[in-house]
Structure formats: C-alpha cells, structure tokens
Amino acid sequence: GAVVSQHPSWVICKSGTSVKIECRSLDFQATTMFWYRQFPKQSLMLMATSNEGSKATYEQGVEKDKFLINHASLTLSTLTVTSAHPEDSSFYICSCQQGAVSNQPQHFGDGTRLSIL
Amino acid sequence: QKEVEQDPGPLSVPEGAIVSLNCTYSNSAFQYFMWYRQYSRKGPELLMYTYSSGNKEDGRFTAQVDKSSKYISLFIRDSQPSDSATYLCAMSANQFYFGTGTSLTVIP
C-alpha cells in the first residue's frame with residue numbers, strides 16, 4: 001500500500017520551456033502533498049506544502065510564480081516549473097500524506113530528474 | 001543548532017555485518033519517528049515508523065527511540081549489498097524534519 005506515482009521520471013528541455021510534473025497517490029487519499037528539491041549528495045529541501053483545494057504554502061526563498069503548484073484532488077498534485085532555466089535543473093520529488101497532521105508518515109514518489117539545456 | 005543531526009558518513013561495512021545508523025534531535029516535542037531508505041536517483045522509501053520511545057522490529061531492521069536522550073537508531077542485521085543506499089531519519093511534531101542522510105555501502 002501507500003504507492004505514489006510521479007511522472008515524468010526524467011525530462012530534458014530547452015531554456016524558457018515550462019515543465020509540468022505530476023504526482024499521484026494511487027491507493028490512498030492524500031490530504032497533504034509536499035514538493036522537494038534535492039541536489040546531488042544533499043538532503044531534501046522542502047519547496048512547498050499543499051492541501052487539497054487550498055493554495056500551496058511556499059518555503060522562504062521559493063518563488064511561487066516560478067514553481068506553480070496545483071492540488072486539485074485528493075490524489076493528484078502538479079508542479080509546473082515556468083520558463084525553466086539551467087539553474088532550475090535538479091531532482092524534484094513529491095510526497096503524499098494521509099491526513100493534515102504530522103502523525104502520518106510521508107510517502108514519496110520516485111522523483112523527476114529535470115535537465116534544462 | 002539543527003533540529004535533527006545525522007552523520008553523513010559514508011559508512012562502509014562487509015556483507016553480513018550489523019549496521020547502526022543514528023540521529024539526534026533537539027526538539028522534545030517530536031513524537032513520530034521515521035526511517036527512509038533512498039537509492040540513487042530514486043525517491044525515499046519508508047522503512048520504519050514509530051511513535052514515542054521503544055523498539056520496533058521488521059525483519060532485519062530494528063528501529064529504536066530513546067526520547068530521554070533525544071536519540072534514535074536504525075539497526076540492520078545481516079547486511080546485504082542491496083542495503084547500500086542513503087538512509088534518512090525523519091521526525092515530526094506539527095511539521096516534518098529530515099536528517100541529511102547517511103550513505104551506506106555494504107561490500108560483498
């Protein structure tokens with residue numbers, strides 16, 4: 001149980017392109033979803049937290065107009081990197097949590113490797 | 001002081017060894033403790049989830065929480081090359097905090 005699907009797993013695109021990443025909870029309802037960024041050999045860096053039907057809460061330093069998050073249903077959240085540039089190249093990982101409190105573990109997708117040329 | 005401290009390693013052990021991975025924390029409000037395993041270029045996978053102090057065993061894995069010392073551990077018995085990965089501790093009160101991860105290599 002607790003399967004999270006993230007798509008695509010790898011994307012390469014030209015600078016200036018917008019890229020959409022999907023995160024789906026397959027066998028449970030995810031009231032809360034999280035988006036992380038991870039640089040090589042570093043830990044997870046939380047970008048934003050989203051609750052179904054509400055606007056996402058972004059961490060300090062994360063541009064909300066650059067990283068658009070939509071959590072339209074209890075099983076789907078999307079992250080759109082708008083007008084991506086080489087510095088946006090990174091490994092993006094989503095996670096899903098049942099319930100809106102922290103007594104449930106997060107379940108992670110397999111990540112999306114984004115390369116901007 | 002960071003909320004959660006974890007030695008990044010790297011840690012190298014021979015196959016069959018017992019591995020001990022540890023995290024310390026500063027916030028006494030943490031009540032839920034997790035261990036995740038992350039293979040290269042993959043998302044973290046939940047291994048163990050425990051509440052408050054005590055031990056929890058699942059196959060070759062044992063999670064231990066000592067709230068009085070603000071210290072958690074993950075033990076891996078009979079380690080296998082397939083256990084080679086980065087192990088992240090995590091804990092929560094009203095939000096989640098992750099350790100930086102310990103890189104483990106099990107040598108055949």
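Here, every reference points to the structure presented above.
Residues numbered from 1 in each chain as written. Chains lettered and ligands numbered in written order. Predicted model: local features only at pLDDT ≥ 70, side-chain atom pairs only at ≥ 80, totals over all residues. Heavy atoms only, no water.

Some details on the state of the cysteines
What we call a disulfide is simply a covalent bond connecting the sulfur atoms of a pair of cysteines.
Inference 1: Enumeration according to the criterion identifies two disulfides over all chains in this entry.
Inference 2: Covalently, A:Cys23 is tied to A:Cys94 through a disulfide, its sulfur atoms 2.0 Å apart. Residues A:Cys23 and A:Cys94 share a disulfide whose torsion about the S-S bond is about 80°; that sign makes it right-handed. Here A:Cys94 lies in strand 9 (residues 90–97) and A:Cys23 lies in strand 3 (residues 19–25), a separation of 71 residues in the sequence.
Inference 3: A residue is classified by how much of its surface remains accessible, and A:Cys23, at 0% relative accessible area, is buried.
Inference 4: Two residues, B:Cys23 and B:Cys89, share a disulfide whose sulfurs are 2.0 Å apart. Its torsion about the S-S bond being -100°, the disulfide of B:Cys23 and B:Cys89 is classed as left-handed. Placement of the pair is B:Cys23 in strand 3 (residues 19–25) and B:Cys89 in strand 9 (residues 85–92), with a sequence separation of 66 residues. In terms of burial, B:Cys23 and B:Cys89 fall into one category: buried.
Inference 5: The thiol of A:Cys13 is unpaired, and the distance to the nearest cysteine sulfur, on A:Cys94, comes to 18 Å. (Disulfide = S-S within 2.5 Å. Helix = DSSP H or I, 4+ residues; strand = E, 2+ residues; numbered from the N terminus. Buried < 20%, exposed > 50% of the residue type's maximum accessible area, 1.4 Å probe, protein only.)

Some points on the interface of chain A and chain B
Inference 1: The interface is formed by 19 residues belonging to chain A together with 19 residues belonging to chain B.
Inference 2: Of the roughly 1,400 Å² buried between chain A and chain B, counting both surfaces, carbon and sulfur atoms make up 58%.
Inference 3: At the boundary of chain A and chain B, one finds one salt bridge.
Inference 4: Note that A:Asp110 and B:Lys42 form a salt bridge whose closest N and O atoms lie 3.7 Å from each other.
Inference 5: Taken together, the elements giving at least two residues each to the side of chain A that touches chain B come down to strand 4 (32–38), strand 9 and strand 10 (107–108) of chain A.
Inference 6: For the side of chain A that touches chain B, the residue count by class is seven nonpolar, 10 polar and two charged. (Contact = heavy atoms within 4.5 Å. Buried area = accessible area lost by both parts, 1.4 Å probe. Salt bridge = Lys/Arg side-chain N within 4 Å of Asp/Glu carboxyl O. Nonpolar A, V, L, I, M, F, W, Y, C, P; charged D, E, K, R; others polar.)

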